[in-house]
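A closer look at the structure
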Amino acid sequence: MNHENQKYSFGIDFSAVPPFPDNPAVLPKYHSSFKNLIKVERDKIKQFHRAGAGGREVVQAHTSLIDSVLCHLIESLASREKRSSETILEEFSLIAVGGYGRGELNPYSDIDLLFLTSKNIRRSTDKLIQEFIPIFWDLGMEVGSSCRTIQECLLLAEKDITIKTSMIETRFMMGNQTKYQKFFQAINKNGLKKNTARFLDAKSKEKRLRYAEGIGPSSNPEPNVKEGVGGLRDYHTALWAIAIRFGCLSFREIPRDDIISSEELNILNRSIDFTLRVRNELHYLVNKKQDILTHNLQREVSSNLGYKEANEVLRVEEFMCDYFTHATNIHQYSEIIFQRCIETRRTIKKVISLLTKKNLGYGFHASGGNLVMEGKDPETLFKRTPNLILNTFELCQAHNLIPNYQIKRLIKKHSHLLSQVLLNKKIIKPFIFNTLKNTNSEKHLRLMHEVGILGLILPEYGRAHCKVSYDFYHRYTADEHSLRMVRFLEELENKPTEFKELAIIYKQLHSKSLLKLSTFIQPIEENRNFDGSNESSKNLLPAIKHIDLNPKEFKIVNFLASSAYLMIETALHSDINQPAVIEQFAKKV
């Protein structure tokens, strides 16, 4: 259903709610009528969402609803006092902070408020603030609040990174606007601009803790849409970084065009909107704050978000493929922005690195474990010479480097130019085999995948990007599954392992690269043949021929890839100690 074909009118009418009662005995009736009114408006927004509204549209509608309720309630409380309500409201400034201050309130997100006051306030004003929070809780709203002076905000922001972060995104709601303007200026001048390096380093550590074992956005089949890799927190962290580094509250306000382009921002914003919509649906489904997209919830979410596939498994796979694609966009572009904010403030380190960097040719240098670019016009380097994209990864492998985020961004931006270079098949085979010979090839393959190059070199793998197959054989997306298989093989050789017998066999192999390749390009078939038929082999031919293997290599890779599921079935569901089982298996292969 297209929500544009329907008219949704938002704007709560408080005429149905009686004035705030002085008699405590009447409070339950007051709360009941107020809660019913809020529920009607919430249901309108929910219908708006279910009709196809975008994620941002819904969070903004919900933010507006809570704004109206808050302001009406405070005005009702203030009007009970003997003094003029306007006088009371001039003694404080009500400020929305955090996600609520940003105007992105999901249906059951926390509502964070700051009452900004002077050091000494009247008893009647203090009483109003004290009464307000319990009443709001009685209405079913989860509110977190604090009451502070400007000086207290500055001192706490200096000591506590979490409080400093909440001060980045604030929004005036009601009360004394002059007081808020003084607060805003003081925070920006004396709070946010101090200890920039410490703040960015703290956010880097927070990200590492959030990611835990998560390697990429598709590394968790039940992702956390807020805190996981590629979740909304990645986008928030990038926003906080540009606020601290450049003093702006929107990506489009960044005063430099070498950090991210408008086209890249369009992609990022579409992915943020999609993820906000998923989070809205999660909240609506369980009627509380919910951020884990569990297998059970994936079925309902995909249906409620308009995925039409009748087969439930296929519908969920389609939805999760979209989710992981958008999560990848959020993670990569947010990380590019964040890392560029870090790079631009390391002036002293830059001076030192100029003295220690190593010239690697082609305009590249090694500096502190990173591959960096030098030159007057790095934006056009890959555009002028596309084959340098492959040289970038060869240099990283040869010198154990990681390309910095400027290089990653430029490769991603110009990856389409590599298509012409790859028409020469003689380039592909040595490049991919030199990569696979590396004992840590998974790291370099993952880097290539991150910037969109690996799918061009191995088209079969490119078509598996973020592809989900929920079955007995796959816990991860097809691309993540392949990378993890390569990593498993390399850990047999590089790390102590419980699979000692396998490690001994692997170390003795003369064709490790072919084994890695076979696991890496193995396509995820919807209809797998466990009987050793040639159907799977035919599907693998395009991928294998693209690498220009010789007949012997072709035969080995084709055998390993096409027989993979037969091997799995035999190992898991048959007694391999029985001669008859081995004989039957040998006949099939």
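Here the structure is a predicted model, which is why all the values come from computation and not from measurement.

About the criteria used
Residue numbers here run from 1 along each chain, matching the order of that chain's written sequence. Restriction of local features to residues with pLDDT of at least 70 applies here, the model being predicted, together with a cutoff of 80 or more for giving and counting side-chain atom pairs; totals for whole chains, interfaces and linings are based on all residues. Side-chain metrics rest on all non-hydrogen atoms present in the structure, leaving aside hydrogens and water. Each helix is a run of H or I in the DSSP string that is no shorter than four residues. Each strand is a run of E no shorter than two, and both are numbered from the N terminus. For every residue, the accessible area obtained with a 1.4 Å probe (protein chains only) is divided by the maximum for its type, and the residue is called buried under 20%, exposed over 50%, and partly exposed between those limits. Whether two residues are in contact is decided by their heavy atoms: any pair within 4.5 Å suffices. In this description, accessible areas are obtained by the Shrake-Rupley approach with a 1.4 Å probe, and a residue is regarded as covered only by the protein chains that are shown. Residues adjacent in sequence count toward polar contacts only when both atoms are side-chain atoms; beyond that, a polar contact is any pair of N or O atoms within 3.5 Å, and within protein one must be able to donate a hydrogen and the other to accept it. One number per residue, pLDDT, summarises how confident the predictor is, and it ranges from 0 to 100. By definition, a salt bridge exists where a carboxyl oxygen of Asp or Glu is found within 4 Å of a side-chain nitrogen of Lys or Arg.

1. Structural notes on the overall build of the protein chain
A tally of helices and strands in the protein chain yields 29 helices and eight strands. Counting the 589 residues in the protein chain, one finds 51% classified as buried. In the protein chain, 70% of the contacts between residues at least 6 apart in sequence involve partners at least 24 apart. Counting every atom, the protein chain has about 28,600 Å² of accessible surface; 51% of that belongs to carbon and sulfur.

2. Side note on the side chain of Ser415
By secondary structure assignment, the location of Ser415 is in the loop between helix H17 (405-414) and helix H18 (418-421). Ser415 gets classed as buried once you look at its relative accessible area, which sits at 14%. A distance of 3.3 Å separates a polar side-chain atom of Ser415 from the backbone oxygen of Lys412.

3. Comments concerning the confidence of the model for the protein chain
Mean pLDDT over the protein chain works out to 85, with 90% of the residues at or above the 70 mark. Least confident of the elements in the protein chain is helix H14 (residues 347-356), whose mean pLDDT is 51; most confident is helix H11 (residues 262-286), at 96. pLDDT under 50 marks residues 524-533. Its contacts with residues more than four places away, or in other chains, come to 19 contacts.

4. Digging into the pattern of salt bridges
The tally for this structure, following the rule as stated, stands at 25 salt bridges. Of the charged contacts, one joins Arg56 and Glu104 as a salt bridge, the two residues approaching to 2.9 Å between their closest N and O atoms. Taken together, the residues Arg56 in helix H2 (residues 55-78) and Glu104 in the loop between helix H4 (98-102) and strand S2 (111-117) connect sequence positions 48 residues apart. By relative accessible area, Glu104 is classed as buried at 8%. Between Asp110 and Lys289 there is a salt bridge, with the nearest N and O atoms lying 3.1 Å from each other. With a gap of 179 residues between them, Asp110 in the loop between H4 and S2 and Lys289 in the loop between H11 and helix H12 (295-304) connect regions that are remote in the sequence.

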